[in-house]
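These are the residues of each chain, in order.
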Amino acid sequence: MLPLALTLNNFLSWQHMAAPLILEDIGLACLCGDNGHGKSALLDATTWVLWGESRAERQEDLIYQGAREMSVELEFLAQDQRYKAIRKHISSVRGRQGKTELELLHVNGSSQTPITGNSVRHTEEIIKDLLNMDYSTFINTSFL
């Protein structure tokens, strides 16, 4: 899996990205900078959008302080094909569980064809099959 573009909205320290983070043509990257500038948030966003998992205990802990919803969009290359995953979460009021949506698209030029499953879990399984790895494998082999 090669990440190509990442867009965050109200995700951890990233309230609004002015433009997507373009990662295309970057084979190896080093995230460096001062503490609190959002480096780890980029990694958490990647794992959350694909597998629904991160270092946080609850999805609500990933929402930018004061916001009620967040979204992450990741365009990536897998099996020589382009895909886009879009995950959104809206927190609920009064302690109820919020609502999460996950959409998966096959990207071919300017055309985007939905290949989303019947549920979030089903779509996550499609992503695991596309990537041939789960969250645990990714964080143990991709993070240095």
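Refer to the preceding data block for the structure.
Presented here is a report on the structure given in the accompanying data block. (Residues numbered from 1 in each chain as written. Predicted model: local features only at pLDDT ≥ 70, side-chain atom pairs only at ≥ 80, totals over all residues. Heavy atoms only, no water.)

1. Points about the side chain of Asp 44
Okay, so step 1: The topology assignment puts Asp 44 in helix H1 (residues 39–51).
Okay, so step 2: Since its relative accessible area comes to 5%, Asp 44 is described here as buried.
Okay, so step 3: Here the side chain of Asp 44 touches Arg 55 through a polar contact of 2.6 Å, side chain to side chain. (Helix = DSSP H or I, 4+ residues; strand = E, 2+ residues; numbered from the N terminus. Buried < 20%, exposed > 50% of the residue type's maximum accessible area, 1.4 Å probe, protein only. Polar contact = N/O pair within 3.5 Å; in protein donor to acceptor, adjacent residues only side chain to side chain.)

2. Here we look at the nonpolar core
Okay, so step 1: The biggest cluster of nonpolar side chains holds 27 residues, and the ones touching the most others in it are Leu 8, Phe 11, Leu 50, Val 72, Phe 76 and Leu 131.
Okay, so step 2: Going through the elements one at a time, strand S1 (2–11), H1, strand S4 (69–78), strand S5 (81–90), strand S6 (99–108), helix H2 (120–131) and helix H3 (135–142) are the ones with two or more residues in this core.
Okay, so step 3: No other element matches the six residues that H1 contributes to this core. (Core = buried A, V, L, I, M, F, W, Y, C linked by side-chain atoms within 4.5 Å.)

3. Some remarks on the packing of H1 against H3
Okay, so step 1: For the pair H1 and H3, the least separation of the axes is 11 Å and the interaxial angle reads 155°. Between H1 and H3, the interaxial angle falls into the category roughly antiparallel. You can see that H1 and H3 cross each other, and the crossing is right-handed. Contacts from Thr 46, Thr 47 and Trp 51 of H1 reach H3 at Tyr 135, Phe 138 and Ile 139. (Axes fitted to C-alpha atoms, helices over the stretch in contact; angles between N-to-C directions. Parallel < 35°, antiparallel > 145°, perpendicular 65-115°, else oblique. Left-handed = near helix turned anticlockwise from the far one by under 90°. Contact = heavy atoms within 4.5 Å.)

4. Digging into the pairing of S1
Okay, so step 1: By the bridge criterion, seven bridges tie S1 to S4 in an arrangement that is antiparallel. When the bridges of S4 are listed, Asn 9 appears paired with Ser 71.
Okay, so step 2: Pairing of S1 with strand S3 (residues 21–22) involves two bridges; the strand directions are antiparallel. Among the inter-strand pairings, Ala 5 is bridged to a residue of S3, identified as Ile 22.
Okay, so step 3: Bridge count between S1 and strand S2 (residues 14–16): two bridges; the pairing is antiparallel. In the strand pairing of S2, Phe 11 is matched with Trp 14.
Okay, so step 4: Hairpin connection between S1 and S2: a loop of two residues separates the two successive antiparallel strands, and Leu 12 in this loop has a positive phi of roughly 50°. (Pairing = 2+ DSSP bridges.)

5. Things to note about the environment of Asp 129
Okay, so step 1: Relative to the helices and strands, Asp 129 resides in helix H2.
Okay, so step 2: Owing to a relative accessible area of 58%, Asp 129 belongs among the exposed residues under this scheme.
Okay, so step 3: Between the C-alpha atom of Asp 129 and that of Ser 111, which follows or precedes it by 18 residues, the distance is 22 Å.

6. A closer look at the pairing of S6
Okay, so step 1: Pairing between S5 and S6: nine bridges, direction antiparallel. Considered in S6, the bridge of Ala 85 is made with Leu 104.
Okay, so step 2: The pairing of S6 with strand S7 (residues 111–114) spans four bridges and is antiparallel. Bridging across to S7, Val 107 finds its partner in Gln 112.
Okay, so step 3: Connecting S6 to the antiparallel partner S7 that follows it, the hairpin turn spans two residues, and Gly 109 within it adopts a positive phi of roughly 65°.

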